[in-house]
Every structure is written in C-alpha cells, then in structure tokens.
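Single-letter residue listing:
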Amino acid sequence: MDVIEIIKQFYSYGQENGFRKLQEGKVVRPIGSETIFNMSAISEHISLFDMLSETGYVEKYVTKQLSYFSNKLDGVGINRLTNPMEVGLSFLVKNCKEPEEMIYHALAFLQSIGLFTHRIYVRCDKELEYRRWYIKTGIPSENIYEWKNIEKFHIGEQRPTGNYSYLYYKYLNGVVPFGTIATIYRDGNYHFDVVFYAERLAMILEEKESIWRISEINFLLPVVSSLPIDFLHVNRFVLLFRVLVLLIHGGIGEISNKKQGYFLKKIIRELAFLLGSKTISNLSKKKLVDLSSNLVHSLGYTDLNIQQKRQLEESIEKINYFSIDIAKRLNKVENMLRNQEINSIDFRKLKDEYGIFHEWIVAKYSYILKDRGIHIEIKNGILFEFSP
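Residues numbered from 1 in each chain as written. Predicted model: local features only at pLDDT ≥ 70, side-chain atom pairs only at ≥ 80, totals over all residues. Heavy atoms only, no water.

Caption draft 1: Local environment of the nonpolar core. Of all hydrophobic cores here, the largest spans 114 residues; its most connected members are Phe-109, Phe-196 and Phe-241. Per-element tally for this core: the top contributor is helix H7 (residues 234-250), with 12 residues. Look past the residues within four positions of Phe-109 in its chain and what remains in contact with it is Ile-6, Gln-9, Phe-10, Tyr-13, Leu-89, Phe-91, Phe-196 and Leu-201. The next biggest cluster of nonpolar side chains, apart from the first, holds 12 residues, and it includes Leu-22, Ile-42, Leu-92 and Tyr-168. (Core = buried A, V, L, I, M, F, W, Y, C linked by side-chain atoms within 4.5 Å. Buried < 20%, exposed > 50% of the residue type's maximum accessible area, 1.4 Å probe, protein only. Helix = DSSP H or I, 4+ residues; strand = E, 2+ residues; numbered from the N terminus. Contact = heavy atoms within 4.5 Å.)

Caption draft 2: Up close: the sheet that holds strand S5 (residues 144-147). Spatial ordering of the open sheet is given by S1-S2-S3-S8-S7-S6-S4-S5, a layout of 8 strands whose pairing is mixed. Only two strands of the sheet have a single neighbouring strand rather than two, namely strand S1 (20-21) and S5. Examined bridge by bridge, strand S4 (residues 120-125) and S5 share 4 bridges and lie parallel to one another. In the strand pairing of S5, Cys-124 is matched with Glu-146. Seen against the sheet, helix H5 (residues 198-205) touches strand S3 (85-96), strand S6 (163-171), strand S7 (174-186) and strand S8 (189-197) and runs at an angle of roughly 110 degrees to S3. (Pairing = 2+ DSSP bridges. Axes fitted to C-alpha atoms, helices over the stretch in contact; angles between N-to-C directions.)

Caption draft 3: The arrangement of the pattern of salt bridges in detail. Taken as a whole and assessed by the stated rule, the structure comprises 16 salt bridges. Close ionic contact of Lys-64 with Glu-24 constitutes a salt bridge, the shortest N to O distance being 2.6 Å. In this pair, Lys-64 sits in strand S2 (residues 59-68) while Glu-24 sits in the loop between S1 and helix H2 (41-44), placing the two residues 40 residues apart along the sequence. The buried category is assigned to Lys-64, whose relative accessible area is 7%. The partner of Glu-216 in a salt bridge is Arg-242, and the shortest N-O contact between them spans 2.6 Å. (Salt bridge = Lys/Arg side-chain N within 4 Å of Asp/Glu carboxyl O.)

Caption draft 4: Inspection of the packing of helix H10 (residues 306-338) against helix H11 (residues 347-354) at higher detail. Two numbers describe how H10 lies on H11: the axes approach to 11 Å, and their chain directions differ by 150 degrees. Here H10 is positioned roughly antiparallel relative to H11, judged by the angle of their axes. Seen along the crossing, H10 lies across H11 with a hand that is right-handed. Mapping the contact onto sequence places Arg-329, Lys-332, Val-333 and Met-336 in H10 and Leu-350, Glu-353 and Tyr-354 in H11. Residue classes in the contact of H10 with H11 are distributed as 4 nonpolar, no polar and 3 charged. (Parallel < 35°, antiparallel > 145°, perpendicular 65-115°, else oblique. Left-handed = near helix turned anticlockwise from the far one by under 90°. Nonpolar A, V, L, I, M, F, W, Y, C, P; charged D, E, K, R; others polar.)

Caption draft 5: Structural view of the packing of H10 against helix H12 (residues 358-371). Here H10 crosses H12 at 30 degrees, and the two axes come no closer than 11 Å. Between H10 and H12, the crossing angle belongs to the class labelled roughly parallel. Between H10 and H12 lies a crossing of right-handed hand. Touching Ile-326, Leu-330, Asn-331, Val-333, Glu-334, Leu-337 and Arg-338 of H10 are Trp-360, Ile-361, Lys-364, Tyr-365, Tyr-367, Ile-368 and Leu-369, all from H12.

Caption draft 6: Main features of the packing of aromatic side chains. For the structure shown, the criterion picks out 24 aromatic pairs. Pairwise contacts between aromatic rings join Phe-10, Tyr-11, Tyr-13, Phe-19, Phe-91, Phe-109, Tyr-169, Phe-178 and Phe-196 into one cluster. Positioned over the ring face of Phe-19 is Lys-60, at 4.7 Å from the centre of the ring. It is Arg-123 that lies over the ring of Trp-147; its NZ or CZ is 4.7 Å from the centre. (Phe/Tyr/Trp six-rings, centres within 6.5 Å; stacked < 30°, edge-to-face > 60°. Lys NZ or Arg CZ within 6 Å of the ring centre and 35° of its normal.)

This is the structure in structure tokens:
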C-alpha cells in the first residue's frame, strides 16, 4: 500500500466513522504568518482549539498536512527514516468524554491498512491513563512503557498544555516511530491530536528498508544515480530534490537571502554541494523536471503549473552555478585548513564570509580536521568544536 492509497483509506475511515474532513493547508504559509512553513495539521487549524468548551458536544475532524522541517536536514539520505518533508495524517477531536474511543479509532485505522496491534509499541506519559486506554483497546501490556515526560504538548501560550504518547512499530531489526497521540484533559473533557506519518507507514507496508525506497520517491533513484555524483550522496540528493519540488509547488519560486526565498536557496546550495563542482546536463534536467509531476501526483496534488516548471528549471540551473561556486570556495577553505600557521578556525566566520556550512567542511575535509587535531560534533544543527 503506497502513500496515496494510505491517504485515501484514511479519509475513507474518517468519513465512515463520523469525522468531518478539514481542508489541508499549504506547506508554505502566507507571508506575514507566525511561521514560514506548516509543521502540523493542528497548527493549520488551531482556531478550532481557541475555546475548549466544558459542556460542548464532541467534534471530530480528519485531515492531512504536508509539513516541512527546515531544521532537520542532518542525516537526510543516511538515516533510513529522516525525511524533512512529511505528510501527517491527523485526527483532531474536541470534547471527548471517553478517551478509549479515540484510541480505538486510531488503532482501528492502523488495522484497516494492514498493521497488527501486537507489533505496536507505546511510550506514554504516566500523568494520564494512557496505559489503561491502550490495554483496553488491544495493545499488549508488555508493549507499553510509561515515563514522566517533561516535554508537554503545547498548542499556544493562551491554551492549556497536554501530554504525549508515542507509537512505534516492530519492523525489520528494530522499531519505526510512526506517530503520536497527544491529549489535553480539561474540565472532564479530553481533546486529541493524533498524527500518523504517511511515508513511514508506506515504508512498513511496502516492506522497504528506507524512506527513499518507497514508491512515492524511488522512481527518482535511476535518474539521480546517472548524475555525476558520488553514490554515497544519491539518497540525500533524491530527498532534497523532492523538498525543492514541493517548496516550488507550495509557492516559493525565487531565491533570496531572507524569509521564504532563503530556504529555497539553502536547499539549492545543499544539492549543489553534493555535485562537487559537477553539473547536471540538459538531458538530465529535462528528466528531473518531468519526474517532478510524479512527485506531486503521488501525494494527490495537481501538477506544477507552467510557471512552476520554469522555476524548477531555473533552480536546476542555479544548482549547477552553485556547484562550481561552492567548489571554489571550499578550495579556499581547504588551503586555510592546511595552513599550519593558523592555530584556530572560526567556522561561524567561514559561514558568514564564504557561505560554507560547517557540515560541508566536516563531510569533505574530515581527514584534514583529524590531522589538525580538531574534533567537531554537530547535534541538532548546533556546532560543537573541540581542539587539543
């Protein structure tokens, strides 16, 4: 079962069980919004939770949301699950009196697409009765792990906080985190934000070993593999090119050094770095532009329009330009790294003056850094430098 089939089944299940369908928001939010990108269905429909009524009737909604996490590019193409552009399938529920009923619906949908409850594992905040709810709805007690979570479920400063439970599926030689069920309890009512990640579900159901192997994405692999690119970078290029296409489809067509255009430029430069001074031929450019239609159709969206196709072509030309430009800049950085008279290296200055990310330096010149006795760690996008 691929992503589009999972999405169709999700909406079908919701309709059959009394959930109202909400319109999906654009992944790129309108200029002037609090955030540039949509990162969840509940953020798109947060107005539903402005007033949590004590005596209100149950409100049940179903929707999906393509979300972009611009700060999660580390590990893309290396970690089999890391995917900065994901489709979240969401049940949003207000004023529920029986929390077991919502847990039941969440698990029933998963069973309807072919998952088995005995292979589902749960990590949940013990402040709520998650354990009892999950056991009552079919999860084996030995698959449930409780802990006191200091991270609370927040939906805004003026709204109450809630608690999380995280769902995992036993798959291959480990488990795959595939969703969350967050709950707010207030004045006798339970309010739910349930999210399942469609690409991860597809990976399990299609029996693939990584996100880039699912049918929604894997058709890019042959074309990208034919590019003048190190085979170690192919998977990362595929996933970042998908981000590029979906950002353009979402409304960002021009690069700049600030706001929306900055994030398009960053993806273009990340792709350019992977080419390592090489360029994409006109024939390959045409193939990539043609395949962009498959990318958006695989999520149920209409094709890129003529202007967006042109913007994608221009973006690929920019990838070629930056590939050569970044290689020249990195040569200067390499000379600096090899200069024994330089006792300290300001990596933040290199980014500001040369436009070179420290991740690129680590990836390309790790052997020089090792010889110089410089150890760098990058955790969650934060740079830590250690020198002897």
